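Single-letter residue listing:
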Amino acid sequence: MKNIFMVLLFLMFSKGVYSQVSVRGNIVDENDKEVIGCSVRILSTDSTFLSGGVTNDVGEFHIKSIQSNNFIVHLSYIGYEDQYITCNNASDDVDMGKIKLMVLPKTLGEVKVVGSNKIQKIDRQILIPSSLQRKASSNGLLLLQNLSLPRIEINSINNSIEMTTGGIVELQINGVKAKLPEVKSLRPDDIAKVEYHDNPGLRYGNVGAVINIILKQRNSGGNFSVDLTNGINKIGTGDYNVSTNYHFGRSSLKFISNWERRDLKWIRENVETFNGTATPLYNVETGLPTKVKYDRMNFLLGYDYSKNNHLLSINYRQSYMDMPYSISDRESELTSAGQEYKISDHEKSRENIPSLDIYYQTELAKGKNLFIDVVGTYIKTKNNRHFVQRGVNSVEEYASQTKGDKYSLIAEAIYEQKIKNSMLSLGIKHNQAFVSNNYGGTINANISMRTAETYGYVEFMSKVGNLVYTMGSGVMRTYNSQGDVSQSKFIFRPTLKLSYNLTKNLLVRYTGYISGYSPSLSDMNDVSQNIDNYQVRRGNPNLKTVMFFSNDLTINWRYKWLDLDYLIRYSFDDKPLMETTLFENNKYIRTMENQRGFHRLQNNLNLKLTPFGENFQVNVSTYLNRYISEGNNYTHTYSDFGVNGSVTFLKGNWFLMASASKGHKILWGETLTKEETLHSISVGYNKDNWGIQAQVLNPFSSKYSQYVENWSKLAPYRQDAFSHDLNRIFMLEAYINVDFGKHKNNVNKRINNSDTNSGILSGSK
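Residues numbered from 1 in each chain as written. Predicted model: local features only at pLDDT ≥ 70, side-chain atom pairs only at ≥ 80, totals over all residues. Heavy atoms only, no water.

J.: Which parts of the structure should I look at to understand the sheet that holds strand β36 (residues 577–584)?
T.: Adjacent strands of a sheet form backbone hydrogen bonds with each other and so pair up, either parallel or antiparallel. Strand order in this open sheet of four strands is β32-β33-β37-β36, and the pairing throughout is mixed. Both outer strands of the open sheet, β32 (528–530) and β36, are each paired with one neighbouring strand and no more. Averaged over all pairs of adjacent strands, the angle between their axes in this sheet comes to 30°, without regard to strand direction. Here eight bridges tie β36 to strand β37 (residues 587–594), and the two strands are oriented antiparallel to one another. (Pairing = 2+ DSSP bridges. Helix = DSSP H or I, 4+ residues; strand = E, 2+ residues; numbered from the N terminus. Axes fitted to C-alpha atoms, helices over the stretch in contact; angles between N-to-C directions.)

J.: Is there a simple way to explain the nonpolar core in this structure?
T.: One recurring pattern in soluble globular proteins: nonpolar side chains tend to sit buried together. Core analysis: the biggest nonpolar cluster contains 23 residues, and L144, L149, I152, I161, Y196, I211 and I213 have the highest contact counts within it. At the level of elements, α3 (140–147), β10 (152–155), β11 (160–163), β12 (169–173), α4 (180–184), β14 (191–197) and β15 (209–215) are the ones that each hand at least two residues to this core. The element that contributes the greatest number of residues to this core is α3, accounting for four residues. In this structure I161 touches L141, L144, I152, E153, I154, V169, L171, L180 and I211, once residues within four positions along its chain are discounted. Membership of the second largest hydrophobic core comes to 21 residues, among which are I27, F61, Y80 and A90. (Core = buried A, V, L, I, M, F, W, Y, C linked by side-chain atoms within 4.5 Å. Buried < 20%, exposed > 50% of the residue type's maximum accessible area, 1.4 Å probe, protein only. Contact = heavy atoms within 4.5 Å.)

J.: Explain α3 here, please?
T.: One turn of the α-helix equals 3.6 residues, which is why residues spaced by three or four share an orientation. Buried residues dominate α3, accounting for eight of its eight residues. Along α3, the residues that are buried comprise G140, L141, L142, L143, L144, Q145, N146 and L147. Within two residues after α3, S148 carries a phi angle of roughly 55°, on the positive side.

J.: Would you mind going over the packing of aromatic side chains with me for this structure?
T.: Here a ring pair, both rings aromatic, is described through the centre-centre distance and the interplanar angle of the planes. Summed over the entire model, instances satisfying the criterion amount to 19 aromatic pairs. Pairing Y240 with W259 gives two aromatic rings, centres 5.1 Å apart and planes at 55°, and the pair type is tilted. Taken together, the residues span a long stretch of sequence, with Y240 in strand β18 (residues 237–248) and W259 in strand β19 (residues 251–274) at a distance of 19 residues. Judged by relative accessible area, which is 18%, Y240 ranks as buried. Looking at W259, the relative accessible area reads 37%, which means it is partly exposed. With centroids separated by 4.8 Å and ring planes inclined at 40°, the aromatic side chains of F274 and Y588 adopt a geometry described as tilted. Of this pair, F274 sits in strand β19 while Y588 sits in strand β37, placing them 314 residues apart in sequence. Residue classification places F274 among the buried positions, given a relative accessible area of 2%. Here a set of aromatic residues connected by ring pairs shows up, and it is made of F274, Y534, F583 and Y588. (Phe/Tyr/Trp six-rings, centres within 6.5 Å; stacked < 30°, edge-to-face > 60°.)

None of this, on its own, says anything about what the molecule does.
Listed below in structure tokens is the structure:
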């Protein structure tokens, strides 16, 4: 009996000493706002690391399986004082409740994020940049590149962010729709997290992905930064950014400017077959070097006023583009029916887009929020084109002068309410536009169009165990009128999203939805423009709104140094707006019609490997896309396979990156477009307030090229475009940031709208 008692006593004592416990808590800042990405380290009493992690998107942490009953909880976050909380004789799980961090009187040095920097949600991934990723980035765009978002490609030559699946990428800063220069102007140290919505909700419309960059909250003072990039051996490429912000009291001012310029030469070659007559005509154009030049400038002046949970934001944007030598320009020598001709096709254009964005958000009550946004835009366009085909005894000439004015107003309101672990969202959005285009030259016409789109929706998200579900329903009404022709259509837009954690590291998501889109105003223009001696581009005012169906299955798996993301998607456009070629009065008419259907089956696999920690990262992306284009009088299919990859090495303030991407081949209608193939090598050194980077673009390529193939039976063609000015470009980037004082707290804006479609029909090839 005595021995049994001693054994029981030993077991009880052993349990008290060696049982595993867990610790949870909620981290907030001095304003009781959740702190996302706060580093949580569990240390033994002799400071040995036991476990760790980071707070999630609501500031909570939960560290399990701690192999000690006496431990220290170490909390650290950039700009705040470290906290050390001692837990002794913890025999049960510990709930530390709300823990408030205190702002540092001066800036801290490097703070490393321990554990995974990615939080997976049903509709988005939340990524918290590490200290090394920040050091290796001179601006916000390079930080996005270092985060390696799945299915996102960043083009260093034309400064664009694209999806490998072909969808539109919407950029946001604190929920406000932003342009790429605004993202480039951001300091990496000012970015708290990046929300990557690879499965956007109903309120985002038809975009493929949303990248929302959330900035850290600041107190006062301001910042001034300059980021300059220019070609060294080929000086025709440059990108220059200047930005500043200043905070005073509850208000803040910001100014951002960007100037992007290109001055280079392209060569365009065309092979065309015209089968409309008894004897087919075969045209071959041999290209000559042709100048391309444009300047694109963007400016933003913004004012914010915030008090408690209220925000008023007023942003004035001005976008200006001057293109004296268009990308579509060409000088060539044409051989047609045994005759030789000289081709000169030049277009110059200017576009001016001022817009005013007034935004307001308020917390009506705890967990109940209202967001209102109104955007007014004016787009003024001037476009002149001059085409000449000169033979031995003949000259054919076409000229067009187009002036366009577009006025649009976008108004949106969203109401959100938290109900325990659920979220209810209701929204309504209206877009009204008026377009007036004047066409002069060879063809004279005055076109006036009115268009409107109204969209309302309700969406509910909740959780049952490991299953998160979202159900939504929306109704969209589109309206278009031109002259005596008008049309309207209602589209029902249901959505279902399911997300299930099979294991801690394995997440499966499904999304199915019905949507729609309206014809572009340029395609609906009731006007014709001569392309050349043989072809005419014609608008079609009878185009109708298209219904779109999509089903996605995504698998996310993370294990140690491997992060896997796989997407398979099937989508279908019902009565899509695709091209038709006609033969009338000895002219080939290129126009648009509602065709039968378009099918896409897309597979995309992304692998991120960090076998030696975040200092060395390898990214591999493979894709296999199948397209089926069903026109009223044609059917075309195509499969595209490719592999892209990048390698990044980070060491202290130095970084080295090499990347390569195969150009996608995309089928739409009867046209296959082959995008450019890119590869680059970059090396840079970044300090807190300055940095320098050297990059070589396409170092192993003899030329930068892309092409377009058209498979029309009546008039097929192939257009090749290439340049020797866009390969082996050595670029040098330098930046400097100057801080003054501390920065003000900012409330995140949640609605974003813009209008950039001028509605001009172009006759260029």
